[in-house]
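A closer look at the structure
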Amino acid sequence: MNLKLALRNIRKNKGFSIINIASLSLGITCFLLLLAYVYHELNYDKYLPNSNRVSMVTSAVKSAEDKDFAYWAVTPTAIAPLFKKEFPEVENAARMYSYISSSLVQKGNESIKENGLKYVDEDFLNVLNFKVLKGNATSPLANPNDMVLTEKLAKKYFSEENPIGKTLVIDKTPWTVTAVIEDLPTHTEINFTGLLSNKGLERYHEPSWGSANDLTFILFKENANQEVLQTKVDSYFKEIFKNEAAAGITIKINLENIRTIHLHSKAAGSGNMTYIYIFGFLGIALLIISAVNFTNLSLSHATERAKEIGVRKVLGAHKKTVFNQFIIEGGLMVGLSVAIGLIATWLLLPVFSTYLGLPMKLHIWKDPYFYLYVFLFFMVLNFLASGWPAWVISNFKPINIIKGQIKSNKAKFPIAKVLITFQYCISIFLVICTLIALRQMHFIQSMDTGLNRSQILVLDGDLWNNVDRQTFKNQLVQLRSIKNVSASYDSPVNIQGGYSLQTSESKQGSFTMDITALPIEKDFLTTFQIPILAGSTLNDNDIIKAQDTSANKSVAIIINKLAAEKIGWTPEEAIGKTVNINGRKGPVKAVVDNFNFASLREEVRPIALFPEYAYFGNLFIKLNAGVNPTNAIQDVESVFKKLKPNTSFNYHFLDDDYAKLYRQEQQTTKTMQLFAMVTICIACIGLFAISAYAAQQRVKEIGIRKVLGASVSKLVGLLTSDFIKLVIIAFIITVPLGFWAMDKWLDNFAYHIHLEWWIFVVAGFITLVISFMTIGGQAFKAAKANPVDSLRDE
């Protein structure tokens, strides 16, 4: 009976039902989308069966002059065999190495660039336990030219054919496919598309401590205590690095479980726990706001059904009967909202993923426990959203209802006001956060970082040998659209190379410090317009010396102003002084002004630049000012195709590399923008509901005031003032919270904006205007009503 009545009432009151269901569905959808992001981030690398037993070996280095440790994800080749030999708790260890950023794979007459091919040890799959779909599951990388493909890469080159035993020519070397593994999920820090056996690489013939370029993973034995092992590792390497410690350099070797790397590793993690808290808060806040709206809309609608409730009570309906009717009616709408929210989430997740720029693929829909969680979610949400309105409505007294006096006791309406204030606290908080985040992102994009990165096209540098690259460069600079061409090992906006600088010519005598360094091509400073404070740029003679293969060659070194200051030199004093950077010995050729070569989260660090033509990962083409970029790209592609006719032309702009450094901040800012608008929208629906509720309760008061001569403007002011006060109270509460939260967020950046008072005023003003427009329409409608209709039943 109650179910039939509930369905009839939902159909009868279509407008109310649609608004209520739409509001709650929107909140549920937003909550589930944000929950999907949080779930995705919290489950990095937990899909591996033995993830609880696998750790990544990272390092941290600090010299006496440094304030903080520098963290590195890479280790020397000697680390993996050492762990297997020296620590009985270690069952196995394996390394991953990528000596170039991309490889050329031959497919017919075409050469295709592949970025995800990595060299690994024979035991790599045994350590990380990836699922093998085809081929050799026990030792697929036992031979020097064995390779393993992911399912996606296998389909790319072999379509539906069985790739096992087939050959791929990579960088002119044939490799035999021995196995195909399952595609990696999107929530992993271990990224590759194919694995190549490292047995053919000379660097693995003998363990070396000379360079750190490997990602090292160790597999613990069952029941091994990782904390105890870390203590042993600390003691062992303290002895290994005692000479470095005597020189004031502290080196730590850390074991980090792969499940914690994404969010907690300073060396290798790409995530940030702060953003998990932000997205989690957003999702819960939106769900609560939606539930509050549902409650307020239900109470508001109860005034329109007052006579029905009163008549039913007079005819003998018990409080429990009325409660059951409204809880079932509310439950139907909540259930429908949950269903719509689930479907909308499933449809919108790919769109939301694209909006964030973060690929998310979740397979929880196939998990039977998921539907149990959905049912529990529905029960809790129905209790929160429908329970209180049903209880309030069931407690209405028949005599008051019949007389039209359905105003509840004094405690209930203030609760609604508290809930509205809470909604607007969240809305204003999000607007404040969004405005400040947008200003910080603009500051990052427009800040002078000390090098000119605008209109610079980036091509793969590893496609060229020295002769071909110079030919390509000579032909490009003949074009009207091209200003300059250069190359370097790393991208200049994100230089990762860790080196050691030594000199005996400092004012203190012998001097050593950690320094970031970058191998560059001759015209690097000119292309990026990096100011030279003393000395001169590289010339042809410097390049001839750099390409000399003799053991005693001299290399021209360029350092930044900060590096010179740390050594104790002025820029002018540094010129001609001899320094040694990991065996590259030569005079300081120039001192350049400080420039940012990493994220603005970090302060500028000492850096050295030197010409070295062994390998360049990036080729940079500076376009002339005022040229059409599309035409310039076509010019470059034309020259490229003449020299590399069978190679795909791939490019991007350097500004894209710079933007990638702030992917998480951009994700968060975009998400806050979106959900700030959604929150205000939902809050306005709630404000609309409660203002309609209040206007309905004061309908006779308004009628009397109009009869006594009150103007429409005064009545509108009377009806809106209470709610405007709520928005102002919410603003007063939220400003210190917003200031504290964003001040903490800005602390993540070494270079950031200052929090200014007008940002908070603008946030409050935006919310106030939107709120007044919402309430004002309802108030104006009530004020314009005919007082005769309002007072007729008295």
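The structure we're discussing is the one just above.
Each value, and the rule that gives it
Residues numbered from 1 in each chain as written. Predicted model: local features only at pLDDT ≥ 70, side-chain atom pairs only at ≥ 80, totals over all residues. Heavy atoms only, no water. Helix = DSSP H or I, 4+ residues; strand = E, 2+ residues; numbered from the N terminus. Buried < 20%, exposed > 50% of the residue type's maximum accessible area, 1.4 Å probe, protein only. Contact = heavy atoms within 4.5 Å. Areas by Shrake-Rupley, 256 points an atom, 1.4 Å probe, with all protein chains shown as cover. Patch = residues over 30% accessible without salt bridge, like charges linked within 9 Å, V, L, I, M, F, W, Y side chains within 5 Å. Salt bridge = Lys/Arg side-chain N within 4 Å of Asp/Glu carboxyl O. Polar contact = N/O pair within 3.5 Å; in protein donor to acceptor, adjacent residues only side chain to side chain. Disulfide = S-S within 2.5 Å. Axes fitted to C-alpha atoms, helices over the stretch in contact; angles between N-to-C directions. Left-handed = near helix turned anticlockwise from the far one by under 90°. Nonpolar A, V, L, I, M, F, W, Y, C, P; charged D, E, K, R; others polar. Phe/Tyr/Trp six-rings, centres within 6.5 Å; stacked < 30°, edge-to-face > 60°. Arc of directions from axis to C-beta.

Considering the overall build of the protein chain
A tally of regular secondary structure across the protein chain gives 26 helices and 25 strands. Looking at the protein chain as a whole, 50% of its 794 residues qualify as buried. Across the protein chain, every contact between residues at least 6 apart in sequence was considered, and the portion connecting residues at least 24 apart equals 81%. Just so you have it, the protein chain exposes about 36,800 Å², and 58% of that area is on carbon and sulfur atoms.

Some details on a nonpolar patch on the surface
A cluster of nonpolar residues, Tyr369, Leu372, Tyr373, Phe375, Leu376 and Met379, forms a patch on the protein surface that exposes about 650 Å² of accessible area. Along the chain, Phe375 falls in helix α12 (residues 368–394). Judged by relative accessible area, which is 46%, Phe375 ranks as partly exposed.

A word on the side chain of Asp214
One can find Asp214 in strand β13 (residues 212–220). Here the side chain of Asp214 touches Arg203 through a polar contact of 3.2 Å, side chain to side chain. Every residue in contact with Asp214, bar those within four places of it in the chain, is listed here: Ala73, Val74, Thr75, Pro76, Thr77, Arg95, Met96, Tyr97, Arg203 and Tyr204.

As for the state of the cysteines
Working definition of a disulfide: a covalent bond connecting the sulfur atoms of two cysteines. Per the stated rule, a full pass over the model turns up zero disulfides. Here Cys30 is not disulfide-linked; the sulfur of Cys681 is the nearest cysteine sulfur, at 9.4 Å.

Thoughts on the pattern of salt bridges
Across all of its chains, the model carries 17 salt bridges by this definition. Residue Lys473 pairs with Glu521 through a salt bridge whose shortest N-O separation is 2.6 Å. Highlighted residues: Lys473 in helix α15 (residues 466–476) and Glu521 in the loop between β18 (509–520) and α16 (524–528), separated in sequence by 48 residues. Each of the two residues, Lys473 as well as Glu521, counts as buried.

Things to note about the packing of α15 against helix α20 (residues 629–643)
The interhelical angle for the contact between α15 and α20, taken along N-to-C directions, is 145°, at an axis separation of 10 Å. Between α15 and α20 lies a crossing whose hand is right-handed. For the pair α15 and α20, the contacting residues are Thr471, Phe472, Gln475 and Leu476 in the first and Val636, Val639, Phe640 and Leu643 in the second. Of the residues assigned to the contact of α15 with α20, the class counts are six nonpolar, two polar and no charged.

Things to note about the packing of helix α3 (residues 79–86) against helix α6 (residues 226–240)
Two numbers describe how α3 lies on α6: the axes approach to 13 Å, and their chain directions differ by 115°. Seen along the crossing, α3 lies across α6 with a hand that is right-handed. Each of Ile79, Leu82, Phe83 and Glu86 in α3 lies in contact with α6, whose residues at this interface are Val233, Tyr236 and Phe237.

Considering the packing of aromatic side chains
Enumeration according to the criterion identifies 31 aromatic pairs in this entry. Taking the centre distance of 6.1 Å and the plane angle of 25° together, the rings of Phe124 and Phe130 count as stacked. The buried category is assigned to Phe124, whose relative accessible area is 0%. Note on Phe124 and Phe192: the rings are 6.2 Å apart at their centroids and 75° apart in plane angle, and the pair reads as edge-to-face. In this pair, Phe124 sits in helix α4 (residues 124–128) while Phe192 sits in the loop between β11 (173–181) and β12 (194–197), placing the two residues 68 residues apart along the sequence. Three or more aromatic residues joined by ring pairs form one cluster here, namely Phe83, Phe87, Trp209, Tyr236, Phe237 and Phe241.

A short note on helix α5 (residues 151–158)
The set of residues buried in α5 consists of Leu153, Ala154, Tyr157 and Phe158. End-on view of α5: buried residues confined to an arc of 105°, all on one side of the axis. Residue Ser159 follows α5 closely and has a positive phi angle near 50°.

Section: the side chain of His40
Mapped onto the elements, His40 comes out in helix α2 (residues 14–42). Taking relative accessible area as the criterion, His40 reaches 0% and is therefore assigned buried.

Thoughts on unusual backbone geometry
With a phi close to 70°, Lys172 is a non-glycine residue in the positive phi region. Within the element layout of this structure, Lys172 appears in the loop between β10 (167–170) and β11. Of the residues examined, Lys172 reaches a relative accessible area of 81% and is grouped as exposed. Of note, Asn223 is a non-glycine position whose phi angle comes to about 65°, a positive value.

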